[in-house]
Amino acid sequence: MKIAVLKEVAAGERRVAATPETVKKFVALGAEVAVEAGAGATASIDDAGYAAAGATVGDRGAVLGGADIVLGVQGPDPATLAGVAPGAWVVAGLNPFGERARVDAYAAAGLEALAMEFMPRITRAQSMDILSSQSNLSGYKAVLDAAAEYGRAFPMMMTAAGTVSAAKVFVMGVGVAGLQAIATARRLGAQVSATDVRAATKEQIQSLGAKPIFVENVAGIEGEGSGGYATEMSEEYQKAQAELVSSHIAKQDIVITTALIPGRAAPRLISDAQIATMKPGSVIVDLAVEQGGNVEGAVAGEIVERHGVRIVGHRNVPSRLAADTSALFSRNLYNFLSAFWDKDAGKPVLDEEIGDAIRLTQGGKVVNARLLG
Ligand code: NAD
């Protein structure tokens, strides 16, 4: 059983799919691990670290030759995977909806593509969940990115020269990233409020010491679909939410948006007219910018200014903390593969519940219900 770890090639991708810690653990399971030279450089891991952990380090061709499992952060181009074992697994964040043509190419190449972001949100798979591990650090980084653009302090400070007032931070979308954004902004001393369409988040917001801002008495408030994800809201709800948000937003210094609906474009939460009501010098961070954006005028990969408000749209926020996000991503991959490791077979053998959820291609065909349905 040979596991290949590739150097990421996507622009701006600094993470890596294995660390010396996980290499060591794979080797302990009996696997041979080959790491592409320089794979960890942008995540502060040198080749010697991988070699010391028991991996062979080589060029891409040598690493892929005969590999049974290819690990990546993002999905590798199927055309660059020559030499892998027939039916090899490609295990990575494969962006199945956004990169559908690539999924078809995995099928055509006879590869078995396993999309880690389709991991079901069930208790036993929590330690394998890349969306959670990466979103958590994105939520943290979003607050630091906002603080860096904000020309004022976050905490209230009483100084001999007078008082500096606390920043008002509003978090829209209280999933994994939003919860961490609330906690981080609180730690920095901001006054924090937050909103979501899922009523269950109200208590979570309060438990972090922030103020919930919620639409009341409108049908469809539950907002929760399968797996704890959000569903699209009724028109009536969306209108009520827009009104509530409008009056609240005008008083905020920082807004962090994280709202996503799986398989759809991100919901639009802030209009240009609402931005115009904010004070000059305010900052908005749109964590959903690559999924279509929660904020009108946000541009992926840029910081733009509208009405004196800075709108931050960094791409691939997890990659901005590559050492930590790589460590967590790598553990997610190890936790997944080791949980299914069959000692006799000397390789992982998936069960139906998780296998069917994450397997995109098999036997030359696309087989995943979410892509076929
Ligand atoms: P996500 O990234 O899909 O979305 C972020 C947040 O945006 C969600 O809270 C969503 O409700 C919210 N949202 C969507 N539309 C909105 C709108 N119009 N206005 C305001 N907010 C809006 O979410 P996530 O971080 O992946 O978390 C989704 C759920 O899954 C949470 O309940 C989380 O606790 C749960 N979860 C469960 C597990 C598990 O293994 N059991 C693991 C991770 C997350």
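Here is what the cut-offs are and how they apply
- Residues numbered from 1 in each chain as written.
- Predicted model: local features only at pLDDT ≥ 70, side-chain atom pairs only at ≥ 80, totals over all residues.
- pLDDT = per-residue confidence, 0-100.
- Pairing = 2+ DSSP bridges.
- Helix = DSSP H or I, 4+ residues; strand = E, 2+ residues; numbered from the N terminus.
- Buried ≥ 20, exposed ≤ 12 C-beta atoms within 10 Å, placed from the backbone.
- Arc of directions from axis to C-beta.
- Contact = placed C-beta atoms within 7 Å.
- Domains from an automatic or database assignment.
- Nonpolar A, V, L, I, M, F, W, Y, C, P; charged D, E, K, R; others polar.
- Axes fitted to C-alpha atoms, helices over the stretch in contact; angles between N-to-C directions.
- Right-handed = clockwise from strand over helix to strand, strands pointing away.

### Brief notes about the confidence of the model for the chain
Per-residue pLDDT for the chain has a mean of 94; in total, 96% of the residues score no lower than 70. In the model output, the complex is listed with pTM 0.93 alongside ipTM 0.94.

### Describing the pairing of strand 14 (residues 303-306)
The sheet contact formed by strand 14 and strand 15 (residues 309-312) spans four bridges and is antiparallel. Note on strand 15: the bridge partner recorded for Ile303 is Val312. Counting the residues that bridge the hairpin from strand 14 to strand 15 gives two residues, and of these His307 lies at a positive phi of roughly 55°.

### Comments concerning helix 4 (residues 100-108)
If you check which residues of helix 4 are buried, you get Arg102, Val103, Tyr106 and Ala107. All buried residues of helix 4 fall inside an arc of 150° around its axis, so they share one side. Looking at the buried residues of helix 4, the elements they touch are strand 5 (89-93), strand 6 (112-115), strand 18 (361-362), strand 19 (365-366) and helix 12 (369-372). Following helix 4 by one or two positions, Gly110 adopts a phi angle in the positive range, close to 75°.

### Some details on the domain arrangement of the chain
The assigned domain composition of the chain is domain 1 (2-118 + 321-358) and domain 2 (136-315). Here the C-alpha centre of domain 2 lies 34 Å away from the C-alpha centre of domain 1. Facing the five residues of domain 1 at the interface are four residues of domain 2. For the side of domain 1 that touches domain 2, the residue count by class is two nonpolar, two polar and one charged.

### Points about the sheet that holds strand 15
Pairing is mixed across the open sheet formed by seven strands, whose spatial order is 11-10-9-12-13-15-14. The sheet terminates laterally at strand 11 (211-212) and strand 14, the two strands that pair on one side only. Two elements, strand 10 (residues 191-195) and strand 11, share two bridges in a ladder whose sense is parallel. The residue of strand 11 that forms the bridge with Ala194 is Pro212. Across the face of the sheet, helix 5 (residues 130-149) comes into contact with strand 12 (254-257), strand 13 (283-286), strand 14 and strand 15 while running at roughly 150° to strand 13.

### Details of the pairing of strand 1 (residues 2-5)
In the sheet, strand 1 pairs with strand 2 (residues 32-36) via four bridges, with the strands oriented parallel. When the bridges of strand 2 are listed, Lys2 appears paired with Glu32. Handedness of the crossover is the feature at issue here: the chain leaves strand 1, passes through helix 1 (residues 20-29), returns alongside strand 2, and the resulting connection is right-handed. Both strand 1 and strand 4 (residues 69-74) contribute to a ladder of three bridges, which runs parallel. Note that in strand 4 the partner of Ile3 across the bridge is Ile69.

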